[in-house]
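A closer look at the structure
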Amino acid sequence: MSNNNTATMQQSFPMNGGDGPHSYLNNSHLQRQATNASRITIEEAIAKKLDVKCFSSNPFRLADLGCSVGPNTFIAMQHIVEAVERKYLAQGLKSEMPEFQVFFNDHVANDFNTLFASLPTERRYFACGVPGSFHGRLFPESSIHFMFSSHALHWLSKVPEELLDKNSPAWNRGRIHYTSGPEEVSHAYAAQFEHDMEIFLSARAKELVFGGMIVLLIPALPTGIPTSHIPIGIMFDLLGSSLMDMAKEGLISEAEVDSFNLPIYATSLEQMTSLVERNGYLIIERMELMDPTSKHVAVSGKDYTMNFRAGMEGIFGEHFGSGIIDEVFDRLYKKTVEFSHQLESSHKEGTQLFVVLRRK
Ligand SMILES: C[S@@+](CC[C@H](N)C(=O)[O-])C[C@H]1O[C@@H](n2cnc3c(N)ncnc32)[C@H](O)[C@@H]1O
């Protein structure tokens, strides 16, 4: 049948669950801001490119891939349901207005309890959870009309193996990411992303109905800008140097830093275009780089630190032990203050890729 087993058994590091001070629920406003920045563009894509007349089945099924614990997923799903309802009305299909079913997908270890406990009571859809990795099949063939994923596809299915091989030119000594590293390291990350995307696109193409749509929001690298000049790149460098400082002080070993790499990758418009074209099952309806930040809301070093901690505490704890987490993120925060001018003047324009695909 499906390859769900491989999808559910991949290694995963979900965002911090619950509703505590370090939870994703309370520290995900940067992603919310970024998704809100694309709200009108998503509505336009549905109004112009989603041909609901070609869908015969009721209910209308939509999925959020990498939903985490909310509230961002609820906001996004509500917008999409409303935009699809407007599309039915605009096409004169009021009498055929479907019921909606939303599939909330994330890794098995995601805090689905918190997610479902905070489902909006006023929602206009039936909710269900789909545990498992989106780097594999999640749904039956031709069963989903609309798929959405925001700020999740930059997580690779695994760290490229050559990064840990001391004999490889891609051995990533003294760093935890490809930012500011040699090009062999970047190439290894890029190859892993390309492999993952081929699996992702092929699985989604099977699961989408004919004419079904995918909207993706992915952290991205603007053309011609080095990763070390965009906010997340600066944060990765600051995190790496915090860990190396701790190694020099004997709090952790250098070997522990050398063997730790974050499986996170920022694609580009050019790379994503060529991956979708090579895969061949989906039409690119729209692909553009956007600014995920709001001109009116400044993002502080504290905001970045809390956001990183909510997303990465699990992966750091697994490798270095949970005892060093407070120390790592306290040091990171201090570095964001020390390098605040670098964060403030970093390149934010075009650091989010907006993608609309349609099943051929
Ligand atoms: C930064 S959160 C984004 C959550 C939400 N979409 C938002 O915009 O706020 C990334 C989520 O993607 C999930 N994720 C990463 N890789 C995944 C995979 N292969 N399959 C399913 N979920 C994945 C993580 O567990 C995490 O909950």
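Just so it is clear, the structure is predicted and the values come from calculations on it, not from any experiment.

Turning our attention to the site of the ligand. In the vicinity of the ligand there are 19 residues, among which Tyr-24, Gly-66, Asn-72, Asp-106 and Ser-150 approach most closely. Gly-66 places a polar main-chain atom, nitrogen or oxygen, 2.8 Å from a nitrogen atom of the ligand. In the environment of the ligand, a nitrogen atom lies 3.4 Å from a nitrogen or oxygen atom belonging to the side chain of His-107. Coverage of the ligand by the protein chains reaches 97% of its 600 Å² of free accessible surface. Its residues placed into classes, the shell around the ligand shows seven nonpolar, eleven polar and one charged.

It is worth spelling out the side chain of Glu-207 at this point. Relative to the helices and strands, Glu-207 is located in helix α6 (residues 183-207). Among the residues examined, Glu-207 registers a relative accessible area of 0% and is labelled buried. In this structure, Glu-207 is in contact with Gly-136, Arg-137, Leu-138, Phe-139, Pro-140, Glu-141, Ser-142, Ser-143, Ile-144 and Met-147, ignoring residues within four places of it in sequence.

Relative to the helices and strands, Pro-120 resides in the loop between α5 (112-117) and β3 (126-131). What makes Pro-120 partly exposed here is its relative accessible area of 28%. Here the alpha-carbon distance between Pro-120 and Val-209, two residues 89 residues apart in the chain, equals 28 Å. Beyond its immediate stretch of four places on either side in the chain, Pro-120 contacts Phe-74 and Tyr-125.

Each α-helix turn comprises 3.6 residues. Residues three or four places apart therefore point the same way. Every buried residue of helix α3 (residues 39-49) is accounted for by Thr-41, Ile-42, Ala-45 and Ile-46. The buried side chains of α3 occupy one side of the element, clustering within an arc of 140° when seen end-on. In this structure, α3 carries Ile-40 and Lys-48 as exposed residues pointing more than 90 degrees from its buried face. Along its buried surface, α3 packs onto α2 (29-37), α4 (72-90), β4 (144-150), β5 (208-219), β6 (282-290) and β7 (352-359).

The topology assignment puts Leu-332 in helix α11 (residues 325-338). The sequence separation of Leu-332 and Thr-305 amounts to 27 residues, and the corresponding C-alpha distance is 6.7 Å. What Leu-332 contacts, discounting residues up to four positions off in sequence, is Met-235, Leu-238, Leu-239, Ser-242, Thr-305 and Phe-308.

For the rest of this paragraph, the subject is the packing of aromatic side chains. In total, this model carries 16 aromatic pairs according to the counting rule given. Consider the rings of Phe-103 and Phe-139, whose centres lie 5.4 Å apart with planes at 70°: the pair is edge-to-face. In this pair, Phe-103 sits in strand β2 (residues 100-106) while Phe-139 sits in the loop between β3 and β4, placing the two residues 36 residues apart along the sequence. The same class applies to Phe-103 and to Phe-139, which are both buried. Aromatic side chains Phe-316 and Phe-320 sit 6.1 Å apart centroid to centroid with 20° between the ring planes, which places their arrangement in the stacked category. Here Phe-316 and its partner Phe-320 are both found in helix α10 (residues 301-320), four residues apart, which amounts to about one turn of the helix. Its relative accessible area of 0% is what places Phe-316 among the buried residues. On the accessibility criterion, Phe-320 (9% relative accessible area) is buried. Taken together, the ring pairs in this structure connect Phe-74, Phe-104, Phe-112, Phe-116 and Tyr-125 into an aromatic cluster.

Remark on secondary structure: sheet strands pair via backbone hydrogen bonds, oriented parallel or antiparallel. The sheet built from seven strands is open, its strands ordered β3-β2-β1-β4-β5-β7-β6 with mixed pairing. Each edge of the sheet is formed by a strand with only one pairing partner; in this case those strands are β3 and β6. Ignoring which end each strand starts from, the neighbouring axes of this sheet average 15° apart. Pairing of β4 with β5, which is carried by six bridges, proceeds in the parallel orientation. Paired with Ser-149 across the strands is Leu-216, a residue of β5. Across the sheet, α3 touches β4, β5, β6 and β7, and the angle it forms with β6 is around 155°. Contacting β5, β6 and β7, helix α9 (residues 269-279) crosses the sheet at an angle of about 175° to β6.

Cut-offs applied
- Residues numbered from 1 in each chain as written.
- Predicted model: local features only at pLDDT ≥ 70, side-chain atom pairs only at ≥ 80, totals over all residues.
- Heavy atoms only, no water.
- Near = heavy atom within 4 Å.
- Polar contact = N/O pair within 3.5 Å; in protein donor to acceptor, adjacent residues only side chain to side chain.
- Areas by Shrake-Rupley, 256 points an atom, 1.4 Å probe, with all protein chains shown as cover.
- Nonpolar A, V, L, I, M, F, W, Y, C, P; charged D, E, K, R; others polar.
- Helix = DSSP H or I, 4+ residues; strand = E, 2+ residues; numbered from the N terminus.
- Buried < 20%, exposed > 50% of the residue type's maximum accessible area, 1.4 Å probe, protein only.
- Contact = heavy atoms within 4.5 Å.
- Arc of directions from axis to C-beta.
- Phe/Tyr/Trp six-rings, centres within 6.5 Å; stacked < 30°, edge-to-face > 60°.
- Pairing = 2+ DSSP bridges.
- Axes fitted to C-alpha atoms, helices over the stretch in contact; angles between N-to-C directions.

Nothing here speaks to function; it is all geometry.
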